[in-house]
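Remarks on the overall topology
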Amino acid sequence: MVAGLIAIGAGLAVGIAAVGAGIGQGIAAGKAFESIARQPEVTGTVRTLLFIALAFMETMTIYGLVVALMLVTGKM
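In this report, we go over the structure that sits alongside the text. (Residues numbered from 1 in each chain as written. Predicted model: local features only at pLDDT ≥ 70, side-chain atom pairs only at ≥ 80, totals over all residues. Heavy atoms only, no water.)

1. Quick look at helix H2 (residues 43–73)
Given a rise of 1.5 Å per residue, 31 residues ought to cover 45 Å, and the 45 Å separating the end C-alpha atoms of H2 matches this to within 8%. Of all the residues in H2, the buried ones are Val46, Leu50, Met57, Thr61, Gly64 and Ala68. Contact partners of the buried residues in H2: helix H1 (2–38). (Helix = DSSP H or I, 4+ residues; strand = E, 2+ residues; numbered from the N terminus. Expected span 1.5 Å × (residues − 1). Buried < 20%, exposed > 50% of the residue type's maximum accessible area, 1.4 Å probe, protein only. Contact = heavy atoms within 4.5 Å.)

2. Remarks on H1
Between its first and last C-alpha atoms H1 spans 54 Å; for 37 residues at 1.5 Å apiece the expected length is 54 Å, and the two agree. Of the residues making up H1, those classed as buried are Ala10, Ala13, Ala17, Ala21, Ala28, Ala29 and Ala32.

3. So, a nonpolar patch on the surface
A grouping of Met1, Val2, Leu5, Ile6, Ile8, Leu12, Ile16 and Val72 is seen on the molecular surface, where their side chains present a nonpolar patch of about 870 Å² in accessible area. Of all the elements, H1 adds the most residues to the nonpolar patch, at 6 residues. Relative to the assigned elements, Ile6 resides in helix H1. By relative accessible area, which is 30% here, Ile6 ends up partly exposed. (Patch = residues over 30% accessible without salt bridge, like charges linked within 9 Å, V, L, I, M, F, W, Y side chains within 5 Å. Areas by Shrake-Rupley, 256 points an atom, 1.4 Å probe, with all protein chains shown as cover. Salt bridge = Lys/Arg side-chain N within 4 Å of Asp/Glu carboxyl O.)

4. What about the packing of H1 against H2?
At a minimum axis distance of 8 Å, the contact between H1 and H2 shows a crossing angle of 175°. What the angle tells us is that H1 and H2 run roughly antiparallel. When grouped by side-chain class, the residues that make up the contact of H1 with H2 number 21 nonpolar, 7 polar and 1 charged. (Axes fitted to C-alpha atoms, helices over the stretch in contact; angles between N-to-C directions. Parallel < 35°, antiparallel > 145°, perpendicular 65-115°, else oblique. Nonpolar A, V, L, I, M, F, W, Y, C, P; charged D, E, K, R; others polar.)

5. Re the nonpolar core
In this structure, Ala28, Ala32, Val46, Leu50 and Met57 together form the largest nonpolar core, which totals 5 residues. With 3 residues, H2 is the single largest residue contributor to this core. In this structure Ala32 touches Val46 and Leu50, once residues within four positions along its chain are discounted. (Core = buried A, V, L, I, M, F, W, Y, C linked by side-chain atoms within 4.5 Å.)

The values are spatial; any link to function lies outside them.
Next up, the structure:
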């Protein structure tokens, strides 16, 4: 029973983190493309900021994976 709940918790940790990051990355990329289309002269600045933001979003997904692994291995 406990192992099943841990597995569900691990799946939710990874799933919610991945969905949240995916939605955030989609919105961020769309806004970045929109701003570049409106002002092409700021392409370099927008691209740099977009890559930084995407890296932070991916980090949050990795944190979800780490939590899931800690749940499954019992090292909390």
